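Descriptive structure summary
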Amino acid sequence: MSDVSLEEIVSLCKRRGFVFPASEIYGGLAGFWDYGPLGVELINKLKAEWWKAMVHEHDNIFGVDGAIIQNPKLWEASGHIAGFTDPLVDCKNCNARHRADHLADTDSTDLTELTELLKDLACPTCGKKTLTKPRTYNMMMKTWVGPVEDESSVAYLRPETAGSIFTNYDNVRETMRAKLPFGVAQIGKAFRNEISPRDFIFRVRELEQMEMQYFISPDVQSEVYEKWRDFAWKFLTERLGIAEENLQWHEHAENERAHYAAAAHDVYFKFPQGFKELWGTHNRTDYDLSNHMRVSKKDLTYFEEETKSRFVPYIIESSVGVGRMFLAVMINAYTEEEINGDTRIVLKLPAHLAPYRVAVSPLLKNKPELVAKAREVYAMLKKEFGNVMWDDNGNIGKRYRRQDEIGTPYCVTIDFDTLEDNTVTLRNRDTTQQERVKIDELATKIVL
Ligand code: GAP
């Protein structure tokens, strides 16, 4: 990873079709972003890798895909309607609003502590010492279900995907004949009315999460908690190629934990704005199922045959944002190198994550015989890998630069020698080395 600024990443993402501001032609909307053709390829690969590691490689973890809008009682029971808040201050002079904990540069959300820390601070927007005392602000996004817009039809866009995992705990247990311990995983959108969305896709109002809730007996909470903490670190380093020096552990202090968590460890990533949260592991104890039992009046206890005991399962949660993972992978892969006095930008993405596995080009696009041969090679590789790019724009140097910037591990060029001897030039993204390879052997070379 080179020392890259957020502006450079934003610019690359826009220039190469990874991420665009949502509704850009209308001036955008703060906290909302659209993924472009290359972004969606990378996002889909990240989600597939997580699903494989989480669901397919564990025989006791099952997937669900719950609705974004649920019965509002779910959020009453989960504590989100009362407690899903951030501390906020207003400026009486310029009316700007700020996250109090961000202004005070603390992880604490305790209002007394924040009042003390902020008492001499000026508003960063107008510079006047006219900030109100911090107060809490609920981040749930509200809507109405049905034609009547009144209190009886209020509903919420889910603030985390976990909610419908808790409410489906018994359905999954019964239909999958699952015994504790078992897990339920979900990938999906969540919505938070963040006071100050910022840092590109790092803090957004519409996010996507990958969450897994592991239902256990309370006796094993410590070891299971440790297992899922390790899983996060290993996944990031071993499956996404993130360098260890870009990661850090952060244990939540009591005044920093979410309202449901008895313990929380985050993996922090070295974003350009500093080490920040990427992936959380939480011990949610029996908080969720107890509260859903209380509000729904349904019995969600578990009877353990071996010990002949009945209890409310504890939950260890593993939760990561897809957008933050995307950003971390992009930053980790971003490299600037000097080659023969020129600077090249190259995304050194692991080959299995690259939006395109290989790009195919005819040396000259106005020579029909080269184009026809290149199309043949393109079709062959597309059948093999699927994600192959046809690139005949500009000269060969420009094509290589473009493919380096989007992380394509290999480029194949068809030239006049190809027509004679059925060999092509295969160029490696990371080494920039080129070798002559027989068309028949291309697929095996690219796999390796
Ligand atoms: N169910 C637990 C939960 O939602 P969280 O720490 O609030 O916990 C989990 O969120 C993960 O979701 C975070 O580690 C982060 O990766 C991502 N995330 C949370 N809020 C976000 C936001 N506003 N924008 C982008 N990602 C966010």
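In what follows, the accompanying structure is described. (Residues numbered from 1 in each chain as written. Predicted model: local features only at pLDDT ≥ 70, side-chain atom pairs only at ≥ 80, totals over all residues. Heavy atoms only, no water.)

1. Considerations on the overall build of the chain
Selection criterion: Secondary structure elements are taken from DSSP: a helix is a run of H or I of four residues or more, a strand is a run of E of two residues or more, and numbering for both begins at the N terminus. Exposure categories follow from relative accessible area, calculated using a 1.4 Å probe and restricted to protein chains: below 20% of the type maximum is buried, above 50% is exposed, and the middle band is partly exposed. The Shrake-Rupley method, run with a 1.4 Å probe, gives the accessible areas here. Residue values count only the displayed protein chains as cover.
When you go through the chain residue by residue, the secondary structure sums to 15 helices and 23 strands. Its C-alpha atoms give the chain principal-axis dimensions of roughly 75 × 65 × 50 Å. Out of the 448 residues in the chain, the part that is buried amounts to 52%. With the model as given, the accessible surface of the chain reaches about 21,200 Å², and the carbon-plus-sulfur share is 48%.

2. With respect to a negative patch on the surface
Quick note on the threshold: Patch membership requires over 30% relative accessible area and the absence of a salt bridge. Like charges are linked within 9 Å, and nonpolar side chains (Val, Leu, Ile, Met, Phe, Trp, Tyr) within 5 Å. By definition here, a salt bridge exists when the distance from a side-chain nitrogen of Lys or Arg to a carboxyl oxygen of Asp or Glu is within 4 Å. Positive charge is attributed to Lys and Arg, negative charge to Asp and Glu, and no charge count is given to His or to the chain ends. All charge positions are set by atom: Lys at NZ, Arg at CZ, Asp at CG, Glu at CD.
On the surface, a cluster of negative charge is contributed by Glu7, Glu8, Glu336, Glu338 and Asp342. Elements that contribute at least two residues to the negative patch include exactly helix 1 (6–15) and strand 17 (334–339). Along the polypeptide, Glu8 turns up in helix 1. Take Glu8: its relative accessible area is 32%, and that puts it in the partly exposed class.

3. Here we look at the packing of aromatic side chains
Rule in force here: Pairing of aromatic rings covers Phe, Tyr and the six-membered ring of Trp, with a centre-to-centre limit of 6.5 Å; geometry is then stacked below 30 degrees between planes, edge-to-face above 60, and tilted otherwise. Counted as over-ring charges are cases with an Arg CZ or a Lys NZ within 6 Å of the ring centre that also lie within 35 degrees of the ring normal.
Under the criterion given, the structure shown has 18 aromatic pairs. When the centroid spacing of 6.3 Å and the interplanar angle of 55° are considered together, the rings of Phe62 and Phe182 count as tilted. Taken together, the residues Phe62 in strand 3 (residues 61–63) and Phe182 in strand 9 (residues 182–191) connect sequence positions 120 residues apart. An identical accessibility class is assigned to Phe62 and Phe182; each is buried. Between the aromatic rings of Tyr169 and Phe182, the centroid separation amounts to 5.8 Å while the plane-to-plane angle is 10°, which identifies the pairing as stacked. One end of the pair, Tyr169, is in helix 8 (residues 169–175); the other, Phe182, is in strand 9, and 13 residues separate them in sequence. Of the two residues, Tyr169 and Phe182, both sit in the buried class. Grouping aromatic residues by their ring pairs yields a cluster made of Tyr214, Trp228, Phe231, Phe235 and Trp279. Here the guanidinium or amino end of Arg324 rests over the ring plane of Phe202, the centre of that ring lying 3.8 Å away.

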